[in-house]
Structure formats: C-alpha cells, structure tokens
Amino acid sequence: MTCAWQPLLQVLPPQLRGAVDTVGRDKLQELRLRLGMQPEMVMQDGNKCLSGIVNQEVLQFVVNAACRYSPWTATTAADGYITAKGGHRIGLCGEVTIKGGTMAEVNRVTSLCIRVARDFPGIAAGAPKSGSVLIIGRPGSGKTTLLRDLIRMRSDCGKGSVAVVDERGELFPDYQGNPCFLPGARTDVLSGCHKRQGIELLLRAMGPTTIAVDEITAEEDTIGLLHALWCGVDLIATAHAGSITEFMKRPVYRPLIDSHVFETVLVMQPDKRWKEERLPK
C-alpha cells in the first residue's frame, strides 16, 4: 500500500497535522470536518474524533490549500469537490449558487469530506487481462483503487498500451514532478480533460489497445465510450451502483447496456473486495 501522505498533511491546518499523522497514517480513509463539530477520522477499524472544534478558518484553510495545488479546482469545485495534490478528493457542502438550473459554485463551506487516496498493487489479480470491463460500487467502495491496479496490470501484461483519461487527476497524480502511484510500463495518462474530448484525442494520437476512465456520470461520457468501442479498443470504466440491478435502472447507462459495451462487471463488496459478474443479455 502506498499513499501520497505529505500532500494530504499540507492541506490540513497546522493544529490538525500532528494528530492526523500519528493516528491515521496507515489506516485513515476519510477526514470529516463539520462546522462547529469535532474533526472526525474515519478509519479501517472505526471512527475517532479529535480534540478541538472546526471553525470557518479551518475549513477555509483546507479549501485554499487544495486550490493552490490543483489546476482543476475551478472545474471540480462546481461539481461539489476539489482534487488536491496526491489524488485526495475533498468533498464540499455549504451554501451554493445556482445558475441555469445547475450548481455554479460553493459560496460558504460548512462541511468537508477529505477522502484519502491509497494505492494497493495486486488487488486486480484475477481480473480479465483483455476485453472491456466495468467496475461498479457505492461511493467510497474502492472503485478507483481497483481501476488503478487493473490499468497497471493491463499495461504490464504485454498485450498493448493503455491510455487513461484522468479527468480529475485522481488515478495517477504526481507530487513535485514525480508520480505518486506507478501507472505501468505501457500506460499513457491524459489529465485535466473531459472524458469525451480526452477519449477522442487519445484515439487519434496514441493508438491504444485499451482506454480507461473513472466515473461515468453523464450522457457525454457514454457517447465517448461508445465512440471508442466502435473504433475497436477495449474499455475499462467505473460507475456508481451497488449492484448490476441498480446499474441497469439508471437511464444514463442505457446506451452502454443496449450496445453490450462491457463483457465483464466487477462488483465491489462491503469489505472492498470484488466479485466478477456478467450483465444480462
């Protein structure tokens, strides 16, 4: 297991760093900061509240620190989160501005959920080394972690190159010019680009055998994946769903289901393991 731990500590205010470093270095999954409440550490073996009360200054420090290090902040903040250096995702709640029926920005932050990015090489062992694969699971179930290792496994197995649209810089982030997580010997990573645009660019420029993306959430994402499929490449992607039944009920995924894009589905389990299944014909 590896983690870009120092970038995480740097987005925290000084009064929290020592306790978080001591208690959570090897097992912290999320740090939740809520205005007027104690900081809460969500760990593998239970939750722990730290001393002190979260105030507006603490919340603003985290947001400002993450913004300074993330070139994608302006885009991701409007989606309700920021990607900090090291691939750590910071979810935001508070007062928002709505423009044209969609959220434009978060004006006043009242809660933060800092999700720690960790890499677990080898967890994709046994997954298919060819063909298109979909990973589904609930939020925080480990989809991105499994995707990262599956990309690396495909890249190193000698069956062609893998091109990745790392839209938010969470799959293969870097820190001070060095990769936080190894992507594999034959992996090409395109960061900071929307999925559909990135897929089309990679098809034209990189000649991949496999294209991988994280979090299919919009119609534009499905259009890009279908375009890639029709160009003869394998696809690896993740989607929010607790089961195949839930996945098939979401309208945004219907074009992928009807086109039989994915040959195999890896369903994340409560213990963060995965189970291989098939979509019904």
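My aim in this report is to walk through the structure given alongside it, one point at a time. (Residues numbered from 1 in each chain as written. Predicted model: local features only at pLDDT ≥ 70, side-chain atom pairs only at ≥ 80, totals over all residues. Heavy atoms only, no water.)

What about the nonpolar core?
For the record, the criterion: The definition of a nonpolar core used throughout is a set of buried Ala, Val, Leu, Ile, Met, Phe, Trp, Tyr and Cys residues joined through side-chain atoms within 4.5 Å. When a residue's accessible area, from a 1.4 Å probe over protein chains only, is under 20% of the maximum for its type it is buried; when over 50% it is exposed; and in between it is partly exposed. Only runs of H or I of at least four residues qualify as helices and only runs of E of at least two qualify as strands under DSSP, and these elements are numbered from the N terminus. Here a residue-residue contact requires only that any non-hydrogen atoms of the pair lie within 4.5 Å.
With 29 residues, the main nonpolar core has Val20, Leu28, Leu31, Leu33, Ile90, Leu112 and Ile114 as its most contacted residues. Elements supplying a minimum of two residues to this core: α1 (5-10), α2 (14-24), β2 (28-34), β3 (40-43), α3 (56-69), β5 (81-83), β6 (89-99) and β7 (102-115). Residues contacting Leu112, with those up to four places away along its chain left out, are Leu31, Arg32, Leu33, Leu59, Val62, Val63, Ile90, Gly91 and Leu92. In terms of nonpolar packing, the next biggest core, distinct from the first, is built from 28 residues, Val165, Val233, Leu235 and Phe262 among them.

With respect to unusual backbone geometry
The phi dihedral of Gln176 falls on the positive side, at around 55°, and the residue is not glycine. Topologically, Gln176 is positioned in the loop between β11 (174-175) and β12 (178-179). Its identity as a non-glycine residue notwithstanding, Glu215 has a phi of 60°, on the positive side. One can find Glu215 in the loop between β14 (210-213) and α7 (219-230). In this structure Glu215 comes out as buried when scored by relative accessible area, which is 13%.

Focus: the pairing of strand β4 (residues 46-49)
For clarity, the threshold we go by: Here, a strand pair is defined by DSSP locating no fewer than two bridges between the strands.
Inspection of the sheet shows β3 paired to β4 by four bridges, in the antiparallel sense. Its bridge partner lying in β4, Met43 is registered against Gly46. As consecutive antiparallel partners, β3 and β4 are separated by two residues.

Quick notes on a nonpolar patch on the surface
Quick reminder of the rule: Like charges within 9 Å and nonpolar side chains (Val, Leu, Ile, Met, Phe, Trp, Tyr) within 5 Å are joined into patches, using only residues over 30% in relative accessible area that form no salt bridge. Areas reported as accessible are Shrake-Rupley estimates using a 1.4 Å probe. Residue values count occlusion only from the protein chains shown. Salt bridge, as used here: a side-chain nitrogen of Lys or Arg that lies within 4 Å of a carboxyl oxygen of Asp or Glu.
A surface patch of nonpolar side chains, amounting to about 240 Å² of accessible area, comprises Met1, Phe120 and Ile123. You can see Ile123 is positioned in the loop between β8 (118-119) and β9 (133-137). The exposure class assigned to Ile123 is partly exposed, which follows from its relative accessible area of 32%.

A short note on the pattern of salt bridges
For the structure on display, the rule yields 20 salt bridges. Note that Asp119 and Arg148 form a salt bridge whose closest N and O atoms lie 3.9 Å from each other. With Asp119 in strand β8 and Arg148 in helix α5 (residues 143-156), the pair connects residues that are 29 residues apart, well separated along the chain. Where Asp271 meets Arg273, a salt bridge forms, and the shortest distance between an N and an O atom there is 3.7 Å. Looking at Asp271, the relative accessible area reads 49%, which means it is partly exposed. A network of salt bridges, in which partner residues are shared, links Asp119, Arg148, Asp149 and Arg152.

A look at the pairing of strand β16 (residues 264-268)
Taken across its five residues, β16 has five buried, putting it largely inside the fold. Residues Thr264, Leu266 and Met268 of β16 are buried on one face, and the alternating residues Val265 and Val267, pointing to the opposite face, are buried as well. As defined by bridge partners, β9 adjoins β16 across four bridges and the pair is classed as parallel. Within β16, the position partnered with Val133 by the bridge is Thr264.

Things to note about the state of the cysteines
Quick reminder of the rule: The disulfide criterion used throughout: a pair of cysteine sulfur atoms within 2.5 Å.
Counted by the stated rule, this structure contains zero disulfides. Not engaged in a disulfide, the cysteine Cys49 finds its nearest cysteine sulfur in Cys113; these two sulfurs lie 14 Å apart. Classification of Cys49 by relative accessible area gives partly exposed; the value is 46%. We note that Cys113 lacks a disulfide partner, and the nearest cysteine sulfur, in Cys93, lies 9.2 Å from it.

Points about α7
Side chains of residues three or four places apart in an α-helix project in the same direction, reflecting 3.6 residues per turn. As a reminder of what qualifies: A helix is expected to span 1.5 Å for every residue after the first.
Look at α7: 17 Å from first C-alpha to last across 12 residues, which is about the 16 Å you get at 1.5 Å a residue. Turning to α7, its buried residues number three or more, namely Asp221, Thr222, Gly224, Leu225, Leu226 and Ala228. Just downstream of α7 lies Gly232, where phi reads positive at about 90°.

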